[in-house]
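Coordinate inspection notes
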Amino acid sequence: MKILSLHCDYIKFKPVKKALKEPEELSEEQKKLKEVKECLVILTAVEKGDSLALVSKLIENIKDIASQIKAKTIVLYPYAHLSSQLALPEIAIKILKQAELELKKDKNFSVIRAPFGYYKEFELKCKGHPLAELSREIKEEGIKTLERLEKIEEKELTANERENLLDKMTKIHMSSERTKEGLKSNVEIGRDLDLYLVSEIVGSGLPLLTPKGSIIRREIERFIVDEETKRGYQFTYTPIMAKSDLYKISGHWQHYKELMFKLEIGNETFALRPMTCPFQFIIYKSKPRSYKELPIKYAEISPQFRNEKTGELMGLTRLRQFTLTDAHVICKPEQLEKEFENVLNLVKYVMKTFGIKDIWYRFSKYDKKNKEKYINNPKAWESSQDMMKKILNKLKLKYVEAENEAAFYGPKLDIQYKNIFGKEDTLITIQVDFALPERFDLTYIDEDNRTKRPIVIHRSSAGCIERTIAYILEKTQGNLPCWLSPIQVRILSFTSRNKKSAEKTAEKLKEAGIRTDVDLRDDTINSKVRDAELQHISYIIVIGDKEEKSKTIAIRKRGSKKVKNIKLEKFITQVKKEIEKRK
Ligand SMILES: [Zn+2]
């Protein structure tokens, strides 16, 4: 919000013409020319992102100016030309009305608000003393969830509005274009296979995973937790929010604030976490560390938050809440090279398991001219970039270099991919960091009994789980490998006589840990097969009289027309092996 305050001998104004389709309605009195004498005129532009939470700050500012110039009459005057980033009119008027209401509570002032949404003729005479003209920018420190403000919102919800909102709950916005070749996006696949929803009432960029979609995520999480545990990682669970103090130490508050969700609770400002590192560093710092313990590798399947612009949100690829397979390797400088290689090997193994092939490496560097974005320590930047480059070259990794793409605290190795629409994005990152160990004063006692500074590798192994799922869905067009398939086997009864046997077979498969469902509908077998195919189920089993008699099952693998009759036990062994090998 921007304001320009003018201490005036008088102001005269009169609405002339509508400036909006539906401006606020005016009484006969309000339509007339109004003259106010000896007043403080506050020209106000409400900007994008401003909310009711800002009203108290606006009032504070107005009262501050009024007391300095001893003004008793205040004219709130909507004035769009102070900003090129205006808020929506319905939000602006709400904020102005609320400001008027709040100001009027103070009996020391008389308050007049000029009409909103009209072209007005006006004339004023500014007093011209040093404080007669002041401009101020009023910014939100956090999203205030004050009860008072919530009550205002509550009051304004009419029965009709409530019904509209309830109606929205049943509406799902999940359509998207296909590529020229007819490939479906993760949005369309997610909808057709019932994997996730995006609901208007929850908000975009906040997908809800259905039971089927949750199976995919859980399988990925299990894989990652098991694999990383094997490789010496220890898992933590840390909170999704913290006081701003923590982010001030990390530098997020100075370099990343715009992308964070802030909350004010009591007198304190909190923010939803944009990264896990500050939390895991606190665990590291909770006791003195010896060189013998290093490297310490803290991992977390970590929900994180980023205030992306609404227009950029998309399916499972661009989100406001996402889950990072995050970890921090805290090591001695002489361990860095080996640990970096270990991380790279893990990442390569994970990508191979997911069938991720068409990627390339990007060495993302800082830009010394961009002082806002990066921690100011040119020497540390140069040396960490040199160090990283040396490691990349030694590992004979082919990479492209990118200026001004580093994290605010250090250079990165990004694993880049293009989605089916040809849009480039980052799947996984590995970062070498000298800056945060310094800021958090991370230390260890070395062999020579001296206190030393460790280096941190920030890394992901499977990237942001949602984005990785999107990648896999689009690359396979929904034909997930068996280990990730929400339904691995579907059993179809050929006739109603075979229902019992179909159910029994399903039980045995489930006991063996194979995700199985049954289709016992009295429908033709062809139509049941077609349904199962549309759901991209890995295996279809048909049980008819013939199978019951021969104590076998007729199986068909997805994508194959061939039907094979084999013993159930043999099938179970085969599928279990396939799942175990994550095929
Ligand atoms: Zn980190």
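Residues numbered from 1 in each chain as written. Predicted model: local features only at pLDDT ≥ 70, side-chain atom pairs only at ≥ 80, totals over all residues.

Some words on the overall build of the protein chain
Spelled out, the test is: A helix here means a DSSP run of H or I that spans at least four residues, while a strand means a run of E at least two residues long, and both kinds are numbered starting from the N terminus. Between the two quantities, the radius of gyration covers C-alpha atoms and the globule rule is 2.2 Å times the number of residues to the power 0.38. Note on contacts: each residue gets a C-beta atom placed from the backbone, and two residues are in contact if those atoms are within 7 Å.
Counting its regular elements, the protein chain contains 18 helices and 27 strands. The C-alpha radius of gyration computed for the protein chain amounts to 31 Å, which surpasses the reference 25 Å derived for 583 residues by more than 25%, pointing to a less compact arrangement than a globule. Taken along the three principal axes of its C-alpha coordinates, the protein chain extends 100 × 75 × 45 Å. Restricting the contact set of the protein chain to residue pairs at least 6 apart, pairs at least 24 apart contribute 76%.

Some words on the environment of Ser 383
Put simply, the rule reads: Labels follow a simple rule on C-beta atoms placed from the backbone: if 20 or more others lie within 10 Å of a residue's own, it is buried; if 12 or fewer, it is exposed; otherwise it is partly exposed.
The residue Ser 383 is located in helix H12 (residues 378–394) in this model. Residue classification places Ser 383 among the exposed positions, given that 12 C-beta atoms sit within 10 Å.

Considerations on the sheet that holds strand S15 (residues 321–331)
Sheets are built from strands paired through backbone hydrogen bonds, the pairs being either parallel or antiparallel. For clarity, the threshold we go by: Pairing between strands is defined by DSSP: at least two bridges between the two strands are required.
In space, the eight strands of this open sheet follow the order S10-S14-S15-S22-S19-S18-S16-S17, with mixed pairing throughout. In the strand order of this sheet, the two ends are held by strand S10 (234–235) and strand S17 (399–402), each with one partner. As judged from the two bridges shared by S10 and strand S14 (residues 296–305), these two strands associate in the parallel manner. Bridge pairing in S14 places Gln 234 opposite Tyr 298.

Topic: helix H2 (residues 55–69)
Basically, it comes down to this: Expected helix span is computed as 1.5 Å times (number of residues minus one). It is the directions from the helix axis to the C-beta atoms that the arc portrays.
Taking 1.5 Å as the rise per residue, H2 with 15 residues should run 21 Å; its terminal C-alpha atoms sit 21 Å apart, in good agreement. Looking only at H2, the buried set comprises Val 55, Leu 58, Ile 62 and Ala 66. Buried residues of H2, viewed axially, fall in a sector of 65°; they line one side. Of the exposed residues in H2, the ones pointing more than 90 degrees away from its buried face are Glu 60, Asp 64 and Ser 67. In this fold, the buried residues of H2 make contact with strand S2 (34–45), strand S3 (73–78) and helix H3 (89–104). At the C-terminal side of H2, Lys 70 shows a positive phi close to 60°.

Some points on the environment of Trp 381
Following the sequence through the fold, Trp 381 ends up in helix H12. Measuring from C-alpha to C-alpha, the distance between Trp 381 and Gly 410 comes to 6.9 Å, with 29 residues separating the pair along the chain.

Description of unusual backbone geometry
Here the amide bond leading from Leu 294 into Pro 295 is cis, since omega sits at 0°, within 30 degrees of zero. Tracing the sequence through the fold places Pro 295 in the loop between helix H10 (277–285) and S14. Located in the positive-phi region is Asp 441, a residue other than glycine, with phi close to 50°. Along the chain, the position of Asp 441 falls in the loop between helix H13 (435–439) and strand S20 (444–445). Its identity is not glycine, yet Arg 582 carries a phi of approximately 55°, on the positive side. Considering the arrangement of structural elements, one finds Arg 582 in the segment after helix H18 (568–580). Overall, Arg 582 belongs to the partly exposed group, with 15 C-beta atoms counted inside 10 Å.

Structural notes on the domain arrangement of the protein chain
Basically, it comes down to this: Source of the domain bounds: an automatic or database domain assignment.
Per the domain assignment, the segments of the protein chain are domain 1 (2–144), domain 2 (186–476) and domain 3 (482–580). The distance between the C-alpha centroids of domain 1 and domain 3 comes to 70 Å.

Focus: the confidence of the model for the protein chain
This is how it is decided: Predictor confidence is given residue by residue as pLDDT, running from a minimum of 0 to a maximum of 100.
For the protein chain, the mean per-residue pLDDT works out to 90, and 97% of the residues sit at or above 70. Highest mean pLDDT in the protein chain belongs to S10 (98); lowest belongs to strand S7 (residues 143–144) (45). A low-confidence stretch, residues 142–148 stays under pLDDT 50, and its non-local contacts, those more than four residues away or across chains, total 14 contacts.

Considering the sheet that holds strand S24 (residues 516–519)
Note the following rule: To obtain each axis, a line is fitted to C-alpha atoms, and for helices this fit is confined to the stretch in contact; angles are then taken between N-to-C directions over 0 to 180 degrees.
Taken in spatial order, the five strands of this open sheet run S24-S23-S25-S26-S27, and their pairing is mixed. A strand with exactly one partner marks an edge of an open sheet, and here the two such strands are S24 and strand S27 (564–566). Averaged over all adjacent pairs, the angle separating strand axes in this sheet is 30°, with direction ignored. Pairing between strand S23 (residues 489–493) and S24: four bridges, direction parallel. Looking at the pairing, Ile 491 lines up with Val 518 of S24. Packing against the sheet, helix H16 (residues 525–534) makes contact with S23, S24 and strand S25 (539–543), and its axis sits at approximately 170° to S23.

Side note on the nonpolar core
Within soluble globular proteins, side chains that are nonpolar tend to cluster in buried spots. Basically, it comes down to this: Only buried residues count toward a nonpolar core: Ala, Val, Leu, Ile, Met, Phe, Trp, Tyr and Cys, linked into one set through C-beta atoms within 7 Å.
Core analysis: the largest hydrophobic core is formed by 87 residues, its most contacted members being Val 347 and Ile 541. Per-element accounting of this core gives the leading share, eight residues, to helix H11 (residues 336–354). Formed jointly, this core draws a minimum of three residues from each of two domains, domain 2 (186–476) and domain 3 (482–580). Those residues in contact with Ile 541 that sit more than four places away from it in its chain are Val 489, Ile 491, Leu 492, Thr 505, Ile 553, Ala 554 and Ile 555. One finds Leu 6, Leu 54, Leu 76 and Leu 96 within the second-largest nonpolar core, a separate group that totals 31 residues.

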